[in-house]
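One-letter residues, chain by chain:
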Amino acid sequence: MSEIPKPVLRFAPSPTGMLHIGGARTALFNWLYARHTGGKFLLRIEDTDRSRSTPEAVAAILGGMTWMGLNWDGDVIYQFARAARHREVAEKLLAEGKAYRCYATADELTAMREEQKAAGKPMRYDGRWRDRVPGPGQDGQPFVVRLRAAQEGETIVHDRVLGDVRFENSQLDDMVLLRSDGTPTYMLAVVVDDADMGITHVIRGADHLNNAARQLQLIAAMDAAVPVYGHLPLINGPDGAKLSKRHGALAVEAYRDMGYLPETMRNYLLRLGWSHGDDEIISTAQAIAWFNLEAIGKSAARMDYKKLDNLNGHYIRETADDVLVEMLIDFSSHDDELRHFFLSAPKVKGRLLGAMASLKERAKTLKELAQGAEFLFTDGPRPLDAAADKLLTADARAVLARTLPALEVTDWSGPALEAAARAFADANGLKLGQVAQPLRAGLTGKTQSPPLFEMLALLGREESLTRLRAYAA
RNA sequence: GCUCCCAUCGUCUAGCGGUCAGGACGCGGCCCUCUCAAGGCUGAAACCCGGGUUCGAUUCCCGGUGGGAGCACCA
């Protein structure tokens, strides 16, 4: 059998902030492609900007990836640790004449750009040191190392998502490889690392498309292998505007805290920009089996929380009851409003498990699941919410009071209770709803709940009657 | 300003020259029903505009318009 080299993918975030939804999708696509092909998925933290990189951001990225279930192969690679190697490559290019020293100062370059802008010219380095031999005046002066890029012809990015994208080399300038303090720039670091790590496929946000052309020139200068590129369209906020802190650019962990499931996020993010015919509900296993680069869409997408909710509801319903109970207990321990309830207490846990099949039908998030289950958390009469309070009029309370004796004589099972309630309603010319709603309000404090008779049976005779008597008049 | 990318219902999308333009979310109606959900049925809802190419363009080409990205000794 011939050995076809397995793809090597990487996700390379810079630890300057949280892992937001766009980054999460980029990571997901890389991960899926690696898993689909049996290749590797590496994680590289691009922390060469020391002033903006933080350990908190690194932790957030790793935490977010882990929660999303996107496991990476091997150890996390920290780019800054490889600075010496990056410098080595730059020096080599310098020695080969493929790069040169530029002594232009920052002020000088700023002035240059302002002039270009004022003159309506494209803003780019004008190559003032490209062919200039440093004189005595430059001795000991700070300099940066720039790539001597091709000035004629064109550079074509063969993009698997966008197709061939052409750039006139005259539009590309000589990018900085090494800063005046000797540290490598991002452009140098990415290319060197990708080459050293044996990256075969670079799948990243479309905001890097322009960079690809410049990186290709560096790759050529280094005589390195050209990876397969795939630039993903960006994700916009719900209003179509750029994703910002105010709408949509939440850390993936924020979605966890809102009660979304990792499986939901994977499915949702996958469909945001990738399709497989009319399929909408796609399990992770199925996604791995189906994923390809060809079906990635070219246009930017928006977040749609309604659809996210719908999908999450689906995955909640798909989850086994006992698993959901554990998830809910864990979720509540991290939630300010739920923290003080003891969901792990045997009695509460038992009730949750007993009601879960019905509860999960009614929840779109773990948060909603908890809210719907709240009447199971404590014993004794329930406080009424506004709707329940309104429903329990004097008449309703009277009906409730008259209903209780009919229930008390049953064996307190769901079917028996329902039969008793129906019989009572019939005998009194009432609809079942007229009897059930006051009972529901009294039992749960709400006008909406899982099936009433099931809940009466679940809570038991004593607890149910204690609650109901509090509102019977 | 310069370079590059994108463009099908409100949203996510299918479509790859000839379709009643399909699905999903959301929205309306009906059914089911002890409430709310879930589920089933059903309705409204789209090819940005203008030129070509072609017997025929949502689909191919060009232009426009509209969105977006990039133009650092940030990543």
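Residues numbered from 1 in each chain as written. Chains lettered and ligands numbered in written order. Predicted model: local features only at pLDDT ≥ 70, side-chain atom pairs only at ≥ 80, totals over all residues.

**A short note on the overall build of chain A**
Helix and strand counts for chain A stand at 19 helices and 12 strands. Over its C-alpha atoms chain A spans a radius of gyration of 31 Å, topping by over 25% the 23 Å that the globule rule assigns to 473 residues. Principal-axis analysis of the C-alpha atoms gives chain A an extent of 105 × 55 × 40 Å. Split into buried and exposed, the 473 residues of chain A put 36% on the buried side. Sequence-distant contacts in chain A: of pairs separated by 6 or more residues, those separated by 24 or more amount to 76%. (Helix = DSSP H or I, 4+ residues; strand = E, 2+ residues; numbered from the N terminus. Rg over C-alpha atoms; globule rule 2.2 N^0.38 Å. Buried ≥ 20, exposed ≤ 12 C-beta atoms within 10 Å, placed from the backbone. Contact = placed C-beta atoms within 7 Å.)

**Points about the nonpolar core**
Formed by 115 residues in total, the largest nonpolar core has its most connected members in L28, L177 and L328. Residue contributions to this core peak at nine residues, all from helix α1 (residues 21-37). For L328, the contacting residues outside a window of four places in its chain are L343, L352, L366, L369 and A370. (Core = buried A, V, L, I, M, F, W, Y, C linked by C-beta atoms within 7 Å.)

**Quick notes on the domain arrangement of chain A**
Looking at the assigned domains, one finds that chain A contains domain 1 (1-75 + 233-318), domain 2 (82-232), domain 3 (320-378) and domain 4 (386-469). Here the C-alpha centre of domain 3 lies 55 Å away from the C-alpha centre of domain 2. (Domains from an automatic or database assignment.)

**Side note on helix α13 (residues 366-373)**
Listed as buried for α13 are L366, L369, A370, G372 and A373. Projection of α13 onto a plane perpendicular to its axis shows the buried side chains occupying an angular sector of 165 degrees, all on one side. Those residues of α13 hidden inside the fold are in contact with α10 (305-318), α11 (321-333) and α12 (346-359). (Arc of directions from axis to C-beta.)

**Looking at the pairing of strand β5 (residues 144-147)**
Both faces of β5 are covered, namely the face carrying V144 and R146 and the face carrying V145 and L147. Strand direction decides the pairing type here: strand β4 (residues 99-102) and β5, joined by four bridges, are antiparallel. Within β5, the residue paired with A99 across the bridge is L147. (Pairing = 2+ DSSP bridges.)

**Points about the environment of V252**
By the secondary structure assignment, V252 is in helix α7 (residues 252-258). When the C-alpha atoms of V252 and N310 are compared, they prove to be 18 Å apart, with 58 residues separating the residues in sequence. Contacts of V252, omitting those with residues within four sequence positions, involve L19, I21, A24, G64, W67, M68 and M265.

**Some points on the protein's contact with RNA strand B**
If you check the shell around RNA strand B, you find 65 residues, and the closest are S14, E46, Y186, S299 and P451. Where the surface near RNA strand B is concerned, the elements lending two or more residues are α4 (106-118), β7 (163-168), α6 (209-222), β12 (301-302), α10, α17 (432-444) and α18 (452-459). Counting residues per element, the surface near RNA strand B draws most heavily on α17, at five residues. Of the residues that constitute the surface near RNA strand B, the class distribution is 24 nonpolar, 22 polar and 19 charged. (Near = placed C-beta within 6 Å. Nonpolar A, V, L, I, M, F, W, Y, C, P; charged D, E, K, R; others polar.)

**A word on the environment of Q215**
Along the chain, Q215 falls in helix α6. According to the C-beta neighbour criterion, Q215 is buried, with 24 such atoms within 10 Å. Sequence-distant contacts of Q215, that is, excluding residues within four places in its chain, are made with M187, V190 and V191.

**Brief notes about the packing of α12 against α18**
Packing of α12 against α18 brings their axes to within 10 Å, and their N-to-C directions diverge by 170 degrees. The angle between α12 and α18 places the two elements in the roughly antiparallel class. Between α12, through R351, G354, A355 and S358, and α18, the contact on the second element is made entirely by E454, M455 and L458. Looking at the contact of α12 with α18 residue by residue, the class counts come to three nonpolar, two polar and two charged. (Axes fitted to C-alpha atoms, helices over the stretch in contact; angles between N-to-C directions. Parallel < 35°, antiparallel > 145°, perpendicular 65-115°, else oblique.)

**Notes on unusual backbone geometry**
A positive phi angle, near 65 degrees, is found at D223, a position not held by glycine. Note that D223 resides in the loop between α6 and β10 (228-232). Overall, the presence of 9 C-beta atoms within 10 Å leaves D223 in the exposed class. Backbone geometry places W412, a non-glycine residue, at a positive phi of 60 degrees. A residue is classified by how many C-beta atoms lie within 10 Å of it, and W412, with 19 of them, is partly exposed.

**Some remarks on the packing of α17 against α18**
Two numbers describe how α17 lies on α18: the axes approach to 10 Å, and their chain directions differ by 40 degrees. By the angle between their axes, α17 is oblique relative to α18. For the element pair α17 and α18, the recorded crossing hand is left-handed. Facing A436, L439, R440, L443 and T444 of α17, the residues of α18 in contact are L452, M455 and L456. (Left-handed = near helix turned anticlockwise from the far one by under 90°.)

**Some words on the pairing of strand β1 (residues 8-11)**
In terms of strand pairing, β1 meets strand β2 (residues 40-45) through four bridges, oriented parallel. Across the sheet, the residue bridging to L9 is F41, located in β2. A crossover links β1 with its parallel partner β2, the connecting element being α1, and its sense is right-handed. (Right-handed = clockwise from strand over helix to strand, strands pointing away.)

**Description of the sheet that holds strand β8 (residues 176-178)**
If you walk across this open sheet you meet the three strands as β4-β5-β8, and the pairing is antiparallel. Two strands lie at the open edges of the sheet, namely β4 and β8, each paired on one side alone. Sheet twist, expressed as the average angle between the axes of neighbouring strands with direction ignored, equals 45 degrees. Running over the sheet, helix α3 (residues 83-95) touches β4, β5 and β8 and is turned about 115 degrees from β8.

**Considering α10**
For α10, with 14 residues, the first-to-last C-alpha span of 20 Å sits near the 20 Å given by 1.5 Å per residue. All buried positions along α10 are accounted for by L308, L311, N312 and I316. Taken end-on, α10 shows its buried residues confined to a sector of 140 degrees, consistent with a single buried face. Where α10 is buried, its residues touch α8 (262-271), α11 and α13. (Expected span 1.5 Å × (residues − 1).)

**Focus on the environment of G354**
Considering the arrangement of structural elements, one finds G354 in helix α12. Take G354: there are 18 C-beta atoms within 10 Å of it, and that puts it in the partly exposed class. Remark: the alpha-carbon pair of G354 and D173, spanning 181 residues in sequence, is separated by 67 Å.

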